[in-house]
Amino acid sequence: MAAKIADSLGVTLDYLVKDGEYERIDNETLKKLKEIQHLDPENKSHVFATIDAFIKAAKLKSIAAL
């Protein structure tokens, strides 16, 4: 029932339960994270390494813009 309420409001259950602690995480991202959890350890490691590379590149880009 709570999941249906969260979906209809376009928020996550965490947002409803934890006063918006995770309000910036959209449902699409959460769905992808759940799918990643089901990958085998090697593939999961590759996914996280790729994400880490994009995050580092974005941080370096923002530092270079200063």
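Cut-offs applied
Residues numbered from 1 in each chain as written. Predicted model: local features only at pLDDT ≥ 70, side-chain atom pairs only at ≥ 80, totals over all residues. Heavy atoms only, no water. 1 Å grid on protein atoms, 1.4 Å probe; cavity = no way out; pocket = protein on both sides within 12 Å on 5 of 7 lines; lining within 4 Å. Points joined across faces, edges and corners; volume = space filled by probe spheres on them. Helix = DSSP H or I, 4+ residues; strand = E, 2+ residues; numbered from the N terminus. Nonpolar A, V, L, I, M, F, W, Y, C, P; charged D, E, K, R; others polar. Patch = residues over 30% accessible without salt bridge, like charges linked within 9 Å, V, L, I, M, F, W, Y side chains within 5 Å. Areas by Shrake-Rupley, 256 points an atom, 1.4 Å probe, with all protein chains shown as cover. Salt bridge = Lys/Arg side-chain N within 4 Å of Asp/Glu carboxyl O.

Under an unreviewed UniProt entry, the protein has the name DNA-binding protein and belongs to Algoriphagus ratkowskyi.

## Focus on the layout of surface pockets
In this approach a probe as big as a water molecule rolls over the atoms, and the regions it shows empty are the leftover space. The space that makes up the largest pocket amounts to roughly 260 Å³. Every element with two or more residues in the lining of the largest pocket is listed here: α1 (2-9), α2 (13-17) and α3 (27-37). Here the element with the most residues in the lining of the largest pocket is α3; it accounts for six residues. Across the lining of the largest pocket, the residue classes tally to six nonpolar, three polar and four charged.

## Digging into a nonpolar patch on the surface
Residues M1, I5, L9, L13, Y15, L16 and V17 make up a contiguous nonpolar surface patch of roughly 720 Å² in combined accessible area. When contributions to the nonpolar patch are tallied by element, the ones reaching two or more residues are α1 and α2. Tallying contributions element by element places α2 first for the nonpolar patch, with four residues. Along the polypeptide, L16 turns up in helix α2.

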